[in-house]
Amino acid sequence: MKSRNLIIGAALSALFIAAALISFVWTPFDVTQMNIPAKLKTPNGTHWLGTDHFGRDIFSMIMVGARTSIAVALVAVGIGMGIGVPLGLAAAARQGSLLDEVIMRGNDLVFAFPSLVIAILITAVFGPGAVNAIIAIGIFNIPVFARLTRGAALPLWQREFIMAARVAGKGKSRISLEHILPNVTNLLIVQGTIQFSLGILAEAGLSYVGLGAQPPLPSWGRMLADAQTMVSFAPHLALIPGGAIILTVLGLNLMGDGLRDLLDPRIRVDRT
């Protein structure tokens, strides 16, 4: 029986991913076009989610904002996995060596600087923007995947099938790719969904303080920042992008929880 969490999470995630993809070819209104006479409209038949203080359609901005948040989080997670997983495999294959020590202490160093601090440092050099947000979030994801991969791989190096591969003459790099990596992929997939949701939160936070996507490109975090002074008389300006962030993160977390139940062989055995 399929996990209820997986179904609900996948449905919520698919909804926002579909909105992001559709925004490439169609939105109800142009998000860069201001319409001051129509500003601060509540949801109605023309503007389904109302308008902001510049008269821009909020539904259209939510669609394009989904594209921004998902793109930033997806690339950042890709950077984290692409660099962190090989580092974790290398550290596990050479446990106790100088390479292992350098990789793990480097991870500790990165963990000492939150993504917001890294983004501020990058912004001070290159200026604010979505690319710099991707770099900052991606750098923070590297030690997450490196630690997870190393921790999952270490017990596998003591297993009999790894011993047999070593007796057959396979080197550590080949064993890591052919035997270790396939056995930790399930964990990486689940962690990837979790980091994806955290990436969306991080992008929203960076955009909120002005370090993420820059105007006129809409961003959920930027929409929240613009709405903070108008909550008392136009609460929909904050509730709608805030709700979009909550539902997207909730969907990804539920999907990650469902994938864990589906892919973890120990849980499958317990259920049977």
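The written sequence of each chain sets the order in which its residues are numbered from 1. Note on the predicted model: pLDDT of at least 70 is required for a residue's local features to be given, and 80 or more for side-chain atom pairs to be given and counted; whole-chain, interface and lining totals, by contrast, use all residues. The side-chain quantities take in all heavy atoms of the structure and omit both hydrogens and water.

Moving on, we get to the pattern of salt bridges. In what follows, salt bridge is the name for a side-chain nitrogen of Lys or Arg lying within 4 Å of a carboxyl oxygen of Asp or Glu. Enumeration over the complete set of coordinates arrives at 9 salt bridges. In this structure, glutamate 178 engages lysine 170 in a salt bridge whose closest nitrogen and oxygen atoms are separated by 3.0 Å. Close ionic contact of arginine 174 with glutamate 178 constitutes a salt bridge, the shortest N to O distance being 2.9 Å. Placement of the pair is arginine 174 and glutamate 178 together in helix H7 (residues 172–208), with a separation of 4 residues, close to one helical turn. Numbering of helices and strands runs from the N terminus; a helix is a DSSP stretch of H or I covering at least four residues, while a strand is a stretch of E covering at least two.

All right, on to unusual backbone geometry then. For the bond running from proline 215 to proline 216, omega is 10 degrees, close enough to zero to count as cis. Tracing the backbone through its elements, the reader meets proline 216 in the loop between H7 and helix H8 (220–227). Even without glycine at this site, leucine 40 takes up a positive phi of about 55 degrees. Within the fold, leucine 40 resides in the loop between helix H1 (4–22) and helix H2 (58–93).

Any pair of Phe, Tyr and Trp rings, taking the six-membered ring for Trp, is counted once the centres come within 6.5 Å. Such a pair is stacked with planes under 30 degrees apart, edge-to-face with planes over 60 apart, and tilted for the rest. The tally for this structure, following the rule as stated, stands at 3 aromatic pairs. Their ring planes at 90 degrees and their centres at 5.9 Å tell us that phenylalanine 111 and phenylalanine 140 sit as a pair that is edge-to-face. Here phenylalanine 140 lies in helix H5 (residues 130–156) and phenylalanine 111 lies in helix H3 (residues 98–111), a separation of 29 residues in the sequence. For the exposure calls, accessible area comes from a 1.4 Å probe over protein chains only, and a residue counts as buried if that area is under 20% of its type's maximum, exposed if over 50%, partly exposed in between. Residue class for phenylalanine 111 comes out partly exposed when judged on its relative accessible area of 34%. One Lys or Arg, arginine 67, reaches over the ring of phenylalanine 24 and ends 4.7 Å from the middle of that ring. In this scheme, the term charge over a ring applies when either NZ of a lysine or CZ of an arginine sits within 6 Å of the ring centre and within 35 degrees of the ring normal.

Turning our attention to the nonpolar core. Judged by nonpolar contacts, the single largest core of 46 residues is most densely connected at Ile62, Trp157, Ile180, Phe196, Ile200 and Trp220. The greatest single-element share of this core, amounting to 12 residues, is contributed by H2. Any two residues whose heavy atoms approach within 4.5 Å are treated as being in contact. Apart from the residues within four sequence positions on either side, isoleucine 180 is in contact with Leu89, Ala153, Leu156, Trp157, Ile162 and Ile175. By size, the runner-up hydrophobic cluster in this structure holds 12 residues, among which are Ile118, Ile134, Ile137 and Leu211. Here, nonpolar core refers to any group of buried Ala, Val, Leu, Ile, Met, Phe, Trp, Tyr and Cys residues whose side-chain atoms link them within 4.5 Å.

The next point concerns H1. Because each turn of an α-helix spans 3.6 residues, side chains separated by three or four positions end up pointing in the same direction. A helix's residues, less one, multiplied by 1.5 Å, set its expected span. Helix length check: H1 (19 residues) gives 27 Å between terminal C-alpha atoms against 27 Å at 1.5 Å per residue, within 8%. Where H1 is concerned, the buried positions are Leu6, Gly9, Leu12, Ser13, Phe16 and Ala20. Around the axis of H1, the buried residues are gathered within 145 degrees of arc, so they sit on the same side. Structural note: H1 exposes Arg4, Leu15 and Leu21 on the side pointing more than 90 degrees away from its buried face. Among the structural elements, H2, H8 and helix H9 (236–263) are those in contact with the buried residues of H1. The arc in question is the one spanned by the directions pointing from the helix axis to the C-beta atoms.

Looking now at a nonpolar patch on the surface. Here, patches come from residues exposed beyond 30% relative accessible area and free of salt bridges, joined within 9 Å for like charges and within 5 Å for nonpolar side chains (Val, Leu, Ile, Met, Phe, Trp, Tyr). The accessible surface values rely on the Shrake-Rupley method and a 1.4 Å probe; as for residues, cover is taken only from the protein chains in view. A cluster of nonpolar side chains, Ile17, Leu21, Ile22, Phe24, Val25, Trp26 and Trp48, forms an exposed patch at the surface whose accessible area comes to about 790 Å². Tracing the backbone shows valine 25 in the loop between H1 and H2.

Positionally, aspartate 52 belongs in the loop between H1 and H2. Relative accessible area serves as the criterion here: at 5%, aspartate 52 is assigned to the buried category. Polar contacts here mean pairs of N or O atoms no more than 3.5 Å apart (in protein, one a potential hydrogen donor and the other a potential acceptor; neighbouring residues in sequence count only if both atoms are side-chain atoms). A polar contact is formed between the side chain of aspartate 52 and the backbone nitrogen of phenylalanine 54, at a distance of 3.0 Å. Reaching out from aspartate 52, the side chain makes a polar contact with the backbone nitrogen of arginine 56 at a distance of 2.7 Å. Not counting residues within four places of it along the chain, the set of residues in contact with aspartate 52 comprises Lys39, Leu40, Ile58, Met61 and Leu237.

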